Amino acid sequence: MSGNERSNRPVTTTETSIRILELLKANGGVSLAGLADELEMARSTIHRHLLTLEDNDLVRRAEGNYHLGLRLLDFGMRARDRIDFYHAARPLVDRLADETDEKVWLVAKDGRFSVHLYKSYGDNPLETSAQVGQRRYLHQLAAGKAILSQLPDAELRDVLDHCGLPEQTEHTITERDELLGELDGISERGYAFNRGESITGLNAVGAPIRDADGYPVGAISISGPANRVKGDLLREELPDKLLAAIDEIHIHLRYASNGEGGQPG
């Protein structure tokens, strides 16, 4: 096999370590016995993985349970810092939060999912379980649907074929034809709505961030409780503010990509 070819055979030991890290992330802290039961593997095998992860500060042990190590934070921060649009969008996310007094999220497209990169909020935000670093299905979020609406047809089919349309709330779109029809409307107007599709009682509006080639690399959303974020505020005022911020990000990215200095006229 040449150096440019990729083997279809997974490295089992690496996959096991990844599964351990995923379980620790999901559960906060897990014992050796708990990990062995979840993974249906011998304790001795899991213990060898844990020792290696612990020796490299990726896992730490406390009171009989294993937890994620802080070294992983360094990996995540470095990964986020290398994203160009993160630096361009962050001050505008803060501005939107100040202007709207709601919670504003910056998300990135990561393969077939979205990842929460950054959040900012004004004086009256709705607290939810969403966290920076969290991965979510694209179809459940206003930001995610905004991204989906800009994907090439082949990539959109790939996302839907592999991820499906799992239900998060009773309002989540779970039928492909319904979603495709909504994506057409999002593509035309430039922004998407989330009406209780990710969290019951939460409404949001999201718009895509595109790179210099027009590809959707991320999105910004503004969200709040449905009894407050509704009517003209949801349909007109928030989209107008959001699109203005997105336009500024696109100008920044376009000039940064061209290597041009100064201010556009």
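Predicted model, so just to flag it, every value in this text is computed and none were measured.

**Some points on the sheet that holds strand β7 (residues 202–210)**
Moving on, step 1. The strand order across the open sheet formed by six strands is β5-β4-β3-β8-β7-β6, and the pairing between neighbours is antiparallel. The two strands at the open ends of the sheet, each matched to only one other strand, are β5 (135–137) and β6 (192–195). Geometrically, the sheet is characterised by an average inter-axis angle of 30° between neighbouring strands, direction not taken into account.
Moving on, step 2. Direction of pairing for strand β4 (residues 113–121) relative to β5: antiparallel, over a ladder of three bridges. Residue pairing in the sheet places phenylalanine 113 in a bridge with tyrosine 137 of β5.

**So, the domain arrangement of the protein chain**
Moving on, step 1. When the domains of the protein chain are assigned, the result is domain 1 (12–71) and domain 2 (83–258).
Moving on, step 2. Spacing between the C-alpha centres of domain 1 and domain 2 amounts to 33 Å.

**Quick notes on the pattern of salt bridges**
Moving on, step 1. As enumerated under the stated definition, the model contains 13 salt bridges in all.
Moving on, step 2. Where lysine 109 meets glutamate 155, a salt bridge forms, and the shortest distance between an N and an O atom there is 2.8 Å. Linking lysine 109 in strand β3 (residues 103–110) with glutamate 155 in helix α7 (residues 153–163), this pair joins segments that are 46 residues apart in sequence.
Moving on, step 3. A relative accessible area of 17% places lysine 109 in the buried class.
Moving on, step 4. Looking at glutamate 155, the relative accessible area reads 23%, which means it is partly exposed.
Moving on, step 5. Of the charged contacts, one joins aspartate 158 and arginine 112 as a salt bridge, the two residues approaching to 2.8 Å between their closest N and O atoms.

**Some thoughts on the packing of aromatic side chains**
Moving on, step 1. This structure, assessed with the given rule, holds three aromatic pairs.
Moving on, step 2. Here tyrosine 86 and tyrosine 118 contribute two aromatic rings whose centre-to-centre distance is 6.3 Å and whose plane-to-plane angle is 75°, an arrangement assigned as edge-to-face. Here tyrosine 86, found in helix α5 (residues 84–100), pairs with tyrosine 118, found in strand β4; they are 32 residues apart in sequence, far enough to count as distant. Residues tyrosine 86 and tyrosine 118 agree in their burial class; the two are buried.
Moving on, step 3. Aromatic pair tyrosine 191 and phenylalanine 193: ring centres 5.6 Å apart, planes at 80°, arrangement edge-to-face. Pair check on accessibility: tyrosine 191 and phenylalanine 193 agree, each one buried.
Moving on, step 4. It is arginine 195 that lies over the ring of phenylalanine 193; its NZ or CZ is 4.5 Å from the centre.

**Re the environment of valine 115**
Moving on, step 1. Position of valine 115 among the secondary structure elements: in strand β4.
Moving on, step 2. For valine 115, a relative accessible area of 15% corresponds to the buried category.
Moving on, step 3. Discounting chain neighbours no more than four positions away, the residues touching valine 115 are Leu106, Val107, Ala108, Asp110, Gly133, Gln134 and Arg135.

**Overview of the side chain of serine 198**
Moving on, step 1. Considering the arrangement of structural elements, one finds serine 198 in the loop between β6 and β7.
Moving on, step 2. Within the structure, the side chain of serine 198 is placed 2.8 Å from the side chain of asparagine 194, a separation counted as a polar contact.
Moving on, step 3. Each residue touching serine 198, except ones within four places of it in the same chain, is listed here: Arg136, Gln140, Leu141, Gln168 and Thr169.

**What to know about the pairing of strand β8 (residues 216–225)**
Moving on, step 1. Across the ten residues of β8, ten count as buried, placing the element largely inside the fold.
Moving on, step 2. Looking at chain direction, β3 and β8 are connected through six bridges and run antiparallel. Among the inter-strand pairings, alanine 108 is bridged to a residue of β8, identified as glycine 218.
Moving on, step 3. Linking β7 to β8, which pair antiparallel, is a turn of five residues; within it glycine 214 sits at a positive phi near 90°.

**Overview of helix α8 (residues 176–189)**
Moving on, step 1. Its 14 residues give α8 an end-to-end C-alpha distance of 20 Å, which sits within 8% of 20 Å, the value for a rise of 1.5 Å per residue.
Moving on, step 2. Taken together, the buried positions of α8 are occupied by Leu179, Leu183 and Ile186. Seen from one end, α8 has its buried residues packed into an arc of 60°, which puts them on one side. Away from its buried face, by an angle of more than 90 degrees, α8 presents the exposed residues Asp177, Asp184 and Glu188.
Moving on, step 3. Backbone geometry just downstream of α8 places glycine 190 in the positive-phi region, at approximately 95°.

Parameters at a glance
Residues numbered from 1 in each chain as written. Predicted model: local features only at pLDDT ≥ 70, side-chain atom pairs only at ≥ 80, totals over all residues. Heavy atoms only, no water. Pairing = 2+ DSSP bridges. Helix = DSSP H or I, 4+ residues; strand = E, 2+ residues; numbered from the N terminus. Axes fitted to C-alpha atoms, helices over the stretch in contact; angles between N-to-C directions. Domains from an automatic or database assignment. Salt bridge = Lys/Arg side-chain N within 4 Å of Asp/Glu carboxyl O. Buried < 20%, exposed > 50% of the residue type's maximum accessible area, 1.4 Å probe, protein only. Phe/Tyr/Trp six-rings, centres within 6.5 Å; stacked < 30°, edge-to-face > 60°. Lys NZ or Arg CZ within 6 Å of the ring centre and 35° of its normal. Contact = heavy atoms within 4.5 Å. Polar contact = N/O pair within 3.5 Å; in protein donor to acceptor, adjacent residues only side chain to side chain. Expected span 1.5 Å × (residues − 1). Arc of directions from axis to C-beta.

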